[in-house]
Amino acid sequence: MPPITLFSARAILTMDRNCPRATHVAVREGKVLGVGTAESLAGWGPALLDTRFADKVLLPGFVEGHAHAMTGHLWKDTYLGHMERIDPAGRRWAGLGETEAVVARLSAATAARAGVLMGWGFDPLFVAGERLSRQHLDRVSATRPVIVLHSNGHLMTVNSAALALAAYDRTTCVPGVCKDAAGEPTGELHEMAAMGPVFMRLGLAGLQSGEPTYRAFAELARRAGVTTATDLGATIAAADVPALRAFIDRPDFPLRLAVMLMAHHRPPAEILAEALALAPLGSDKLRLGAVKIVLDGSIQGFTAQLRWPGYYRGTDHGLWNIAPEQLFELVAMLNAAGVQIHIHTNGDLATDLALEAFAAALARTPRFDHRHTLQHCQMADAAQFRRMKALGLACNLFANHLYYFGDKHYELTIGPDRAERMNACATALELGVPFAIHSDEPVTPIGPLFTAWCAVNRRTQEGRVLGAAQRISVEAALRAITLGAAHTLHMDDTIGSIEIGKWADFTVLDEDPTAVHPMALREIGIAGTVLAGQPTGALA
Amino acid sequence: MREPPVPVPVPVPATILAGYLGAGKTTTVNHLLRHAGGRRLLVLVNDFGALPIDGDLIAGREGGVITLANGCACCQVGQDLLGALARALAGPARPDHLLIEASGIADPVQLAQLAQAEPLLRLDAVATLVDAAGIRQRLADRWAGATVRRQIGAAGLLVLNKADLVAPEELAALCALLADLAPGAARLATRQGRVAPDLLLGPAGWRSAPGPTGAGHGYRSWSGRAGGAIPPAAMRAFLAALPEWVHRVKGIAPDPAGSAYACHRVGRQVAIEAAPAGTDPAARIVAIGPAGPFAPAVLESAWAALCGS
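All figures in this text were calculated on a predicted structure; none of them were measured in a lab.

## Structural notes on the overall build of chain B
Then step 1. Counting secondary structure elements, chain B contains 9 helices and 14 strands.
Then step 2. Rg of the C-alpha trace for chain B: 19 Å, near the compact-globule value of 19 Å for 309 residues, within the 12% margin.
Then step 3. In chain B, the share of contacts with a sequence separation of at least 24, taken over all contacts with a separation of at least 6, comes to 74%.
Then step 4. Only carbon and sulfur atoms are counted for the fraction: they give 56% of the accessible area of chain B, which is about 13100 Å².

## Description of the packing of helix α6 (residues 191-202) of chain A against helix α3 (residues 108-117) of chain B
Then step 1. At their nearest, the axes of α6(A) and α3(B) sit 8 Å apart, and the two run at 35 degrees to each other. For the crossing formed where α6(A) meets α3(B), the hand is right-handed. The segment α6(A) lies against α3(B), with A:M192, A:A193, A:A194, A:G196 and A:P197 engaging B:Q110, B:Q113, B:L114 and B:A117.
Then step 2. Among the residues making up the contact of α6(A) with α3(B), the classes are represented as 6 nonpolar, 3 polar and no charged.

## Details of the confidence of the model for chain B
All names here are of chain B.
Then step 1. Mean pLDDT for chain B: 89, with 93% of residues reaching 70 or above.
Then step 2. Below a pLDDT of 50 lies the segment residues 208-212, which in the model reaches 6 contacts outside its immediate sequence neighbourhood of four places, other chains included.
Then step 3. If you check the scores for this complex, the pTM reads 0.93 and the ipTM reads 0.89.

## Digging into the domain arrangement of chain A
Residues and elements named next belong to chain A.
Then step 1. Assigned domains within chain A: domain 1 (73-201) and domain 2 (211-523).
Then step 2. Contacts between the two partners involve 13 residues from domain 1 and, on the opposite side, 13 residues from domain 2.
Then step 3. A combined buried area of about 1000 Å² lies between domain 1 and domain 2, and 61% of that area is made up of carbon and sulfur atoms.
Then step 4. As a salt-bridge pair, R85 and E441 come within 3.2 Å of each other at their nearest N and O atoms.
Then step 5. Our enumeration of links across domain 1 and domain 2 arrives at 4 residue pairs in polar contact (both at pLDDT 80 or more).
Then step 6. Elements supplying a minimum of two residues to the side of domain 1 that touches domain 2: α2 (71-74) and β8 (85-86).
Then step 7. Residues of the side of domain 1 that touches domain 2, tallied by class, amount to 8 nonpolar, 3 polar and 2 charged.

## Quick notes on the pattern of salt bridges
Residues and elements named next belong to chain A.
Then step 1. Overall, the coordinates contain 42 salt bridges over all chains when judged by the stated rule.
Then step 2. Where E29 meets R28, a salt bridge forms, and the shortest distance between an N and an O atom there is 3.2 Å.
Then step 3. Here E184 ties to R170 by a salt bridge, and the two come within 2.8 Å at their closest N and O atoms. Of this pair, E184 sits in the loop between β13 (177-179) and β14 (185-190) while R170 sits in the loop between α5 (160-165) and β13, placing them 14 residues apart in sequence.
Then step 4. Residue E184 is classed as partly exposed on the basis of its relative accessible area, which comes to 26%.

## A short note on the pairing of strand β23 (residues 506-509) of chain A
Residue and element names in this part refer to chain A.
Then step 1. Where burial is concerned, the two faces of β23 agree: the one with F506 and V508 and the one with T507 and L509 are both buried.
Then step 2. The sheet contact formed by β23 and strand β24 (residues 526-531) spans 4 bridges and is antiparallel. When the sheet's bridge partners are listed, V508 is paired in β24 with G528.

Rules used throughout
Residues numbered from 1 in each chain as written. Chains lettered and ligands numbered in written order. Predicted model: local features only at pLDDT ≥ 70, side-chain atom pairs only at ≥ 80, totals over all residues. Heavy atoms only, no water. Helix = DSSP H or I, 4+ residues; strand = E, 2+ residues; numbered from the N terminus. Rg over C-alpha atoms; globule rule 2.2 N^0.38 Å. Contact = heavy atoms within 4.5 Å. Areas by Shrake-Rupley, 256 points an atom, 1.4 Å probe, with all protein chains shown as cover. Axes fitted to C-alpha atoms, helices over the stretch in contact; angles between N-to-C directions. Left-handed = near helix turned anticlockwise from the far one by under 90°. Nonpolar A, V, L, I, M, F, W, Y, C, P; charged D, E, K, R; others polar. pLDDT = per-residue confidence, 0-100. Domains from an automatic or database assignment. Buried area = accessible area lost by both parts, 1.4 Å probe. Salt bridge = Lys/Arg side-chain N within 4 Å of Asp/Glu carboxyl O. Polar contact = N/O pair within 3.5 Å; in protein donor to acceptor, adjacent residues only side chain to side chain. Buried < 20%, exposed > 50% of the residue type's maximum accessible area, 1.4 Å probe, protein only. Pairing = 2+ DSSP bridges.

Here you go:
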C-alpha cells in the first residue's frame, strides 16, 4: 500500500460543507484520503505525521482563472512600476515614485545584459519630477536603444539611439511622435503606429512561451499561493504539447495549468479543429481544449464597447477584435462541437453581444453544463446577470480593477453609477451565476488573497469604497478564488476544495482569513503551497 | 578615409484599403492585381482565411507569399503586421506600391498613422469600400454601426461598390449621406470592385515616364508642365482650390531654392513633402477625375495662373 502522509495544521478551511474546518488531512497518492482529526483519520492505517504546517492554516490551493503566462517573459526586463511588485525569484521591487529613480534602476541594469535595454510597467501619472524623456534615457545609454514601456500598453518613452532607429527627428511630423517646445522629439511615442517602426527595427520576436517563461510564471503563481492557474489565450498547437508536458508534468513544476487556445486570426473551422485536437492531449497538470475569444478592448483605454450613454469623459474608441458576424459563426460552431468558450467582454455592449451569440448558439445546439464563461464582464447590470443565469453561463469578474483603476472609472471613464456596480460579485452571488475573481496578471499582479480583499472591501487606491452594495463576505470571496474559479475551468471535481478524492493541493497561510479583520485580508502571509501532497518548497 | 554615404531609400507609397465585411475588398484587390499597369504591387492582407486570389493570376507560392506573373505579390499578415512590413521593406526587391487590406473591423486610422510614421513608407491614401446595397443596414446596426461610421470618416477615397444593385435615386441619396459622414473624401460609384487603379494607387509609370496616363475605367486625366519654380505654399493653395471632381493629383516641382518637392491630393486632402534625392525637379503634374464632369480647360487655366504664364 502506498504511504500515507498526515498533515496537521492550526486550522484547515476545506470549502466542503460536510467538514468545513479540520485539523488534519491525510494524503495518499497525491490525493486527499480524508479530512478531520488525527483520531478520525486513524482507520486508514499507519501514516507519517508531517507537522511542518502545525501553526499554519491550510486552504484549498488558490485557482487563478485569468492570467497570462507571458508575464514570465516580462521579468527578463526591468520593472519600473509605481507599486511594489515581487518577481519570480521572490525579490521585492519597490515602486518608483520619481523620474530619477527610474533612471537609476535602468542604469543599474545596463551591465546585466547587452543590446536593447527594456523597462516595463511605467506610468507617468504616478511619478513625480520631470516627465520621463529622451534626455533622461540618454543618460542611461548614449549608444544602446533604451525602451520604457508604459503599463497601459499604448505608450513608450525611448532614448535618442532608439529614435534614430526609426529616423525620428525634428523633421518628423506624424501623429504619436511627441515633440518638445523646441520641435525635437521628446522620446514619447504614442500608439502602435508610432511605436511600430521602432519595434520593427529591434527585431523583437513574439513573446516567448517556452519553458523559462512558464517556469517564471509558475514561480510568480506559487508565491501568491496559487496551485492552478489559467494561461488565458495562448497561441498553441497540438504539436507543441509534448514539449510543454515534458516540464509541466515533472514533479518540480509547482503548478497545474489550464492553457486556452486563442481564437484569432484564423478561420473558425481551423480553430475548432485545433481545439478538438488539443483536448485529449492534457494531463493531470495540463488542461487543454477550451477556447478564448477577445471581443472588445479595455475600459481605461476607452476601447471597450459601451452601451448608451457611452463614456463619461473622453472619446469613445470602442473596437471589436472579431467581427460580430464572425463571432456568431465561431461560437455556434464551437458550442455545437462541445468546446468550452471563454469570451473577454469589458464593456456592457460587448457583454450584450456575447450574450446574443451564446443565446443563438445554444438555441441551435442546446447543451447542459457547457460552462461557457464571460471573462472580465466588468460592466454587466442585473438584467445581464439574469440572462447569464438563464443561459447557464459563468463569469469571472475583474475584482482587482476596483482597486487599481476604480478611481479612474468613477471620475473619468464611466462615472459614478456604473463604477459602483462594476464587477458585481454580490449580484452574481444573489442570482446564482457561478463566478470567479481574477488578476489578469500582468495587467495587475497575481494574488488571489488580494483579489478576495478587493471583492470584500471594494476599496480604491485613493481609499474610496466603490459600490458598498456589491461587497461580498470573506467566505464568499474565498470560495470565488478556489471552487468558483475551478468551476469555470471544469475542474471543480478534482480541485477547489479539500475533500476526499480530490488532489491534495493546498495554500498555506500564516493566519486564518476568516478570523482577521476583512481589511487585513491582503496582509496575511503566504507560507507556501502543496501540490498533489508535495510541499513545493520554501518561499525565501 | 570616408565611408560612402548610405543611400536613403525612396519611401514606398502605401494605400490602406478598408471596408466592413462584404464591402468587396477581395474583389477589388483582384481587380487591382489584374490591372496593376506595370506596378510591382504588394498586397498585405490583414485578415485570416484562405487568400482568395483568382487562380489564373497566380504564378507561384512561397512561404505564405503568392507571386503573380506580372511582378505583383500578395501575402497574409495574421497577427504580425510589423513583421510582414519588415520583410516587405527589407532588401533590394521592394515593391513599387504597397496595398494594405485592412480587416473588416479595422479602424484604418491606425494603419494610416503607421504608414505615416514608418520612414520607409509614404501614406498614399485611405480608401474605404462601401456596399451600396447594404450600407444603410450596416450604419443602423447595433454592433457594427460605429465601426462602419469610423471607417467611412477616415477615408480620402470612398468607393461606393455594388452600385448596380441600387436604383439611381438611392445612389444619389447614398452619395449625399456619405458626403455628410466624410466631407473631405472623393466619392465614386462602381461595381465588382472595378476602380481605376490610377485612382486608388496614384498615376502609374510616374517615376519612369512622367506625363499623362490613360486613366481608364471611366476616368480621365490631365497633365501639365512648367519651366520655373513654384513656391510650396502657392502649390498648396492651388491644390486645395481645385474642383471636387479632381479625385487625385500628383506633382513634382522645384521650390524657389531649386530643390524638388512632391505634392499629392487625394479627395480634398493635400500633402507636400520633399522629393527623394536625385529627382528631376522640373515641374509636372497629373490630375485624375471621373470622365463626366472632368474639364481639362479648368485645370489648364488654374495651372497657367499658378505658373504665372
